[in-house]
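These are the residues of each chain, in order.
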Amino acid sequence: MHVLPAVTPASEPANPFGWVPAVLIVLAIIGLLVGLNIYRERVVRRDAQDVEIAALTRHHTPHWTGDYRTFRAEPRHWGLAVAAPFALCAGEDWDRLLHKDVVAVREGIAEAWGIQNRVTMLRQLYSLLSSGHRESFSEEIAVWSAMDAKQAAAFEKMLRRDARGDAAAAETLWQFRRVRANDRGIRSADFLAWDFVRAAMLARAGATAGYLSEAEAEDFHLMIADDLRRHYSSWEELGESFLLGRWYWNSQGGDGERSTDLHDRNRQNVLLGVDGAWRAVPWNMPLGRSRMLFADALAEDPAAVFGFEILGTAPRPWAERLRAEVRQRTPLLDEDLDRDLDEDEV
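Attention in this report is confined to the structure presented alongside it. (Residues numbered from 1 in each chain as written. Predicted model: local features only at pLDDT ≥ 70, side-chain atom pairs only at ≥ 80, totals over all residues. Heavy atoms only, no water.)

1. With respect to the overall build of the chain
Then step 1. Scanning the chain from terminus to terminus reveals 17 helices and zero strands.
Then step 2. Here the analysis covers contacts within the chain between residues at least 6 apart in sequence; of these, 78% occur between residues at least 24 apart.
Then step 3. Surface accessibility of the chain: about 19600 Å² in total, with carbon and sulfur atoms responsible for 55%. (Helix = DSSP H or I, 4+ residues; strand = E, 2+ residues; numbered from the N terminus. Contact = heavy atoms within 4.5 Å. Areas by Shrake-Rupley, 256 points an atom, 1.4 Å probe, with all protein chains shown as cover.)

If you want it as structure tokens, here you go:
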């Protein structure tokens, strides 16, 4: 019997994609590890931010002369509430006019503002009222916003070159880029809160340092109240405007910007919180009228204040108002002094 030789079946061809499952597993493991690492970093950042917020909340603990639960707002408290952001950071009672440490206040305003006596105090307050940062900031924002693309590119190139060794140019570059991008709606900012909150703080400091009387400081607060309440509808709106002005003035990006944002937002939250000044003082509470004691003070020596004014092209309603008030109080101004007061009208 003839037997056919056994035939060995041919081997099946190897799967050219046999490695794919293994690679997919490796990629999945890598993705999982990366995801876990990202999650861990987020948790660490969140925990660090929580720690930072807790520290800021302790730093911004409101200080009262009494128990906030029995507090009753009076007209004098309205202006003190305007200055309250600075009281929080200083650890001072926000609801009393005078600071506790007279020496520290005098040293602080001398270093930061160049205020060393009554005349320099009056000059700074007049400057904040009549122009402040809102004039210079608004002018530069208008100019930068109106630039076409070619002009903006050339100006930014110049700023980048100068910013390498000039801190002021670096700040200007930051501000220019924010304006061009209309970051945080900066093109529509008015900066009134930024100027007037600082003015309210300086009035407190002036009374503490002995450069203003207590009556002058309290009347100054009353004098600016109408303007603030015409511009803003609530403490929260005033606070948001102040935050925007401080952000633009501070001119910081990166970690500095993040840290400042966290600080300022926390401060505002505390002010609006259950034991905060802005919760305690009604925005629209009756205040009465200012006696314009600030104009009385300017009338003591008009040239000492007006003679140092840097003239600009923008309208200055407060300057016009205060000059009119001073003229009413000093009808015997000699011709030379009167001409000095009128030089910006020529």
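2. A short note on the packing of helix H4 (residues 102-113) against helix H9 (residues 192-209)
When two helices pack together, their arrangement is given by the angle between the helix axes and the distance between those axes.
Then step 1. Interhelical geometry of H4 versus H9 gives an angle of 130 degrees and a closest axis separation of 9 Å. Taken together, the axes of H4 and H9 lie oblique to each other. For the pair H4 and H9, the crossing hand works out as left-handed. Taken together, the residues of H9 that come into contact with H4 (itself represented by Val102, Val105, Arg106, Ile109 and Trp113) are Arg198, Met201, Leu202, Ala205, Thr208 and Ala209.
Then step 2. The class makeup of the residues in the contact of H4 with H9 is eight nonpolar, one polar and two charged. (Axes fitted to C-alpha atoms, helices over the stretch in contact; angles between N-to-C directions. Parallel < 35°, antiparallel > 145°, perpendicular 65-115°, else oblique. Left-handed = near helix turned anticlockwise from the far one by under 90°. Nonpolar A, V, L, I, M, F, W, Y, C, P; charged D, E, K, R; others polar.)

3. Topic: the side chain of His221
Then step 1. Structurally, the position occupied by His221 is in helix H10 (residues 214-231).
Then step 2. A relative accessible area of 4% means that His221 is categorised as buried.
Then step 3. Excluding anything up to four places from it in sequence, His221 contacts Gly79, Leu80, Leu97, Ala200, Ala203 and Arg204. (Buried < 20%, exposed > 50% of the residue type's maximum accessible area, 1.4 Å probe, protein only.)

4. Let's talk about the layout of surface pockets
To find leftover empty space, one rolls a probe the size of a water molecule over the atoms.
Then step 1. For the largest pocket, the calculated volume is near 530 Å³.
Then step 2. Lining the largest pocket we find 22 residues, and of these Phe86, Ile109, Ala112, Trp113 and Met201 sit closest to its centre.
Then step 3. Secondary-structure elements contributing two or more residues to the lining of the largest pocket are helix H3 (84-90), H4, helix H5 (118-130), helix H6 (132-146) and H9.
Then step 4. Counting residues per element, the lining of the largest pocket draws most heavily on H4, at six residues.
Then step 5. Partitioned by chemical class, the residues of the lining of the largest pocket number 13 nonpolar, six polar and three charged. (1 Å grid on protein atoms, 1.4 Å probe; cavity = no way out; pocket = protein on both sides within 12 Å on 5 of 7 lines; lining within 4 Å. Points joined across faces, edges and corners; volume = space filled by probe spheres on them.)

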